[in-house]
Amino acid sequence: MNNRTERITKRLEQLSLISDDDKCLSRFFGTPAHNEAKNLLMTWMEAAGLLVFCDSLGNVRGVLKSNQQNAKHFVIGSHYDTVYNAGNFDGPLGIILGIEIAQRLKENNTELPFHLNIACFSDEEGSRFNTAYLGSSVLAGNFDTDWLLRTDDCNVTLSEAIETYYGNVEAISNDKILEGDWLGYYEIHIEQGPVLCKENLPICLVSNIASQIRVEVTWEGISAHAGTSPMYLRDDALCAASEFILEVEKTGQKHQEKLVGTVGKMNMLSNTSNVIPAFVCHSLDIRSADSDFLIEIQDQLQHKAIEISKKRNIKLSWKVMQMNPAVICDSHLKDVLRKSIKKVGIDKSIEITSGAGHDAVMISKVAPVSMLFVRCTDGISHNPEEYASPEDIEVALKVSDQFLDELIKEFN
Ligand code: GLV
Ligand code: MN
Ligand code: MN
């Protein structure tokens, strides 16, 4: 392992110790651990020689400025928030590699034809406010001020969470990079799936990112005594939700070559063994590489939910929280990346579709995007067992250095 890879793996380890939960890694947006991670990232970026600041949404941003007039921005980014009980690599790997890439260019006094930005996005997972890509939406100028009123499980609004640690919500719109000022975006991420392991390859190109719809589904029945209410006289919200959830599974199985569907989060009242549940609120996450097909599935599932709610006399609310169409990675950036892969001696280069969402989705609304996937053991992710080897990380670093060198040559 060379010195740079050693620094990367040490930093991954160090960041993974910053958690809000002492039993596992959990770092949601706007928590003490999240703020501590932000501060650590700032010190690493400063040590790398970048001009560092934290924007109003807690995105840590470091810039290497170009001396050229009218230079545009090239951004390397990923996220530092995590899911609950997370692994060490989802998000941080792309950030820490980004800092390393910039540090080499700084140490070599490289003349840059573009401003090189390293962006550590504060929220990609959306674990706390059900708002995936919050951080990158700010850079892309796509932050929707309606999101400020969203609440977490303790009724804290996003607006309050932002103001506790990061700043002034009024200033969010000033933190964007203007649409015409973008040159491109690059994100390095673990694959989070099994293809690279099967192909025995350390890295590969990403061709496209699946479309994703998130819905918040609420079922309201009547709470009643579990011992005295006959089975035929109940308005049980949890039974209605359960029937629907099995429908989501069935739909996913029916179209398994092009659809996945998950209910991963649920809150219920009164959550007591002898009370019939009166209230259930759960997430729905559906994804497909085919955006139109996904919209059709969303309609179908909503109709199914309406049917169940009528049959069971349960009040239903269906709130679409997020709808992101599929993203195609930029063909020119992909060509440059493919050439860089070849130049570091990897002859076989494949492209895969990402089922996982990435900050690249939000940035694609304003700039050409590119992504490199790094093999992770058995494709395990969103799990503490998540792992990418130092050897594969070293390959990703070499490819990325080469990619930046090619881009610098091209735009000089
Ligand atoms: C993030 O990991 C997502 O795909 O939801
Ligand atoms: Mn991620
Ligand atoms: Mn993730």
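Being a predicted model, the structure only gives us computed values, none of them experimental.

Moving on, we come to the environment of Thr131. Within the element layout of this structure, Thr131 appears in the loop between β4 (115-121) and α4 (134-139). Distance in space between the C-alpha atoms of Thr131 and Trp147 is 7.7 Å, their sequence separation being 16 residues. Non-local contacts of Thr131, meaning those with residues more than four positions away in its chain, are made with Asp123, Gly126, Trp147, Arg150 and Gln322.

A few words on the coordination of the manganese ion (ligand 2). At 2.0 to 2.2 Å from the manganese ion (ligand 2) lie its protein donor atoms, namely His79 (NE2), Asp90 (OD) and His189 (NE2). Taken in chain order, the donor set of the manganese ion (ligand 2) reads H-x10-D-x98-H. Between the manganese ion (ligand 2) and the manganese ion (ligand 3), both coordinated by Asp90, there is a metal-metal distance of 3.6 Å. With His79 in strand β3 (residues 73-79) and His189 in strand β5 (residues 182-190), this residue pair connects regions lying 110 residues apart in the sequence. Take His79: its relative accessible area is 0%, and that puts it in the buried class. For His189, a relative accessible area of 2% corresponds to the buried category.

So, about helix α5 (residues 158-165). Regarding α5, the residues found buried are Leu158, Ser159, Ala161 and Ile162. Relative to the axis of α5, the buried residues are bounded by an arc of 165 degrees and lie together on one face. Buried residues along α5 sit in contact with α4. Immediately downstream of α5, the backbone of Gly167 shows phi near 145 degrees, a positive value.

This paragraph deals with the domain arrangement of the protein chain. Where interface size is given, it is often the accessible area lost as the parts come together that is meant. For the protein chain, the assigned domains are domain 1 (3-210 + 326-411) and domain 2 (211-324). The distance between the C-alpha centroids of domain 1 and domain 2 comes to 33 Å. Across the boundary between the two partners, domain 1 contributes 19 residues, which contact 12 residues of domain 2. Where domain 1 abuts domain 2, roughly 1,200 Å² becomes buried across the two surfaces, and 36% of that area is made up of carbon and sulfur atoms. One can count 1 salt bridge joining domain 1 with domain 2. With a shortest N-O distance of 3.1 Å, Asp153 and Lys265 are connected by a salt bridge. At the junction of domain 1 with domain 2, the criterion picks out 8 residue pairs in polar contact (both at pLDDT 80 or more).

Reported here for the second largest pocket is a volume of approximately 210 Å³. Of all the secondary-structure elements, those providing two or more residues to the lining of the second largest pocket are β2 (60-64) and α3 (92-107). Classifying every residue of the lining of the second largest pocket by side-chain character gives 5 nonpolar, 5 polar and 3 charged.

For the rest of this paragraph, the subject is the pattern of salt bridges. Across all of its chains, the model carries 24 salt bridges by this definition. Three or more residues joined by partner-sharing salt bridges are found here, namely Arg4, Arg7, Glu100, Arg104, Asp401 and Asp405.

Here the focus is the site of ligand 1. Around ligand 1 lies a shell formed by Glu124, Glu125, Arg214, Arg287, Ala356, Gly357 and His382. Side-chain polar atom of Glu125 to an oxygen atom of ligand 1: 3.1 Å apart, as the coordinates give it.

Attention now goes to the pairing of strand β10 (residues 279-288). Within a regular strand, side chains alternate between the sheet's two faces. Within β10, 9 of the 10 residues are buried, leaving the element largely enclosed by the surrounding structure. Relative to β10, strand β7 (residues 211-220) runs antiparallel, the two sharing 10 bridges. When the sheet's bridge partners are listed, Val217 is paired in β10 with His282. Relative to β10, strand β8 (residues 260-262) runs antiparallel, the two sharing 3 bridges. In the strand pairing of β10, Gly261 is matched with Ile286.

Overall, the coordinates contain 11 aromatic pairs when judged by the stated rule. Seen from their ring centres, Phe29 and Tyr166 are 5.7 Å apart, and the 55 degrees between their planes marks the pair as tilted. One end of the pair, Phe29, is in the loop between α1 (3-16) and α2 (32-47); the other, Tyr166, is in the loop between α5 and β5, with 137 residues separating them in the sequence. Both residues of the pair, Phe29 and Tyr166, belong to the buried class. With a centroid separation of 5.8 Å and an interplanar angle of 40 degrees, the aromatic rings of Tyr165 and Tyr166 are classed as tilted. Three or more aromatic residues link up through ring pairs in this structure, and these residues are Phe74, Phe114, Tyr186, Phe403 and Phe411. Positioned over the ring face of Phe293 is Lys258, at 4.0 Å from the centre of the ring.

Before going further, it helps to examine a negative patch on the surface. A cluster of acidic residues, Asp290, Asp292, Glu296 and Asp299, forms a negative patch on the protein surface. On the secondary structure map, Asp299 appears in helix α8 (residues 291-312).

Looking now at the coordination of the manganese ion (ligand 3). Every protein donor of the manganese ion (ligand 3) is accounted for by Asp90 (OD), Glu125 (OE), Glu125 (OE) and His382 (NE2), and the metal-donor separations fall at 2.0 to 2.6 Å. Mapped onto the sequence, the residues coordinating the manganese ion (ligand 3) show the spacing D-x34-E-x256-H.

Cut-off values and rules
Residues numbered from 1 in each chain as written. Chains lettered and ligands numbered in written order. Predicted model: local features only at pLDDT ≥ 70, side-chain atom pairs only at ≥ 80, totals over all residues. Heavy atoms only, no water. Helix = DSSP H or I, 4+ residues; strand = E, 2+ residues; numbered from the N terminus. Contact = heavy atoms within 4.5 Å. Donors = N, O, S within 2.8 Å, 3.2 Å for Na, K, Ca; no water. Buried < 20%, exposed > 50% of the residue type's maximum accessible area, 1.4 Å probe, protein only. Arc of directions from axis to C-beta. Domains from an automatic or database assignment. Buried area = accessible area lost by both parts, 1.4 Å probe. Salt bridge = Lys/Arg side-chain N within 4 Å of Asp/Glu carboxyl O. Polar contact = N/O pair within 3.5 Å; in protein donor to acceptor, adjacent residues only side chain to side chain. 1 Å grid on protein atoms, 1.4 Å probe; cavity = no way out; pocket = protein on both sides within 12 Å on 5 of 7 lines; lining within 4 Å. Points joined across faces, edges and corners; volume = space filled by probe spheres on them. Nonpolar A, V, L, I, M, F, W, Y, C, P; charged D, E, K, R; others polar. Near = heavy atom within 4 Å. Pairing = 2+ DSSP bridges. Phe/Tyr/Trp six-rings, centres within 6.5 Å; stacked < 30°, edge-to-face > 60°. Lys NZ or Arg CZ within 6 Å of the ring centre and 35° of its normal. Patch = residues over 30% accessible without salt bridge, like charges linked within 9 Å, V, L, I, M, F, W, Y side chains within 5 Å. Areas by Shrake-Rupley, 256 points an atom, 1.4 Å probe, with all protein chains shown as cover. Lys, Arg positive; Asp, Glu negative; His and termini not counted. Charge placed at Lys NZ, Arg CZ, Asp CG, Glu CD.

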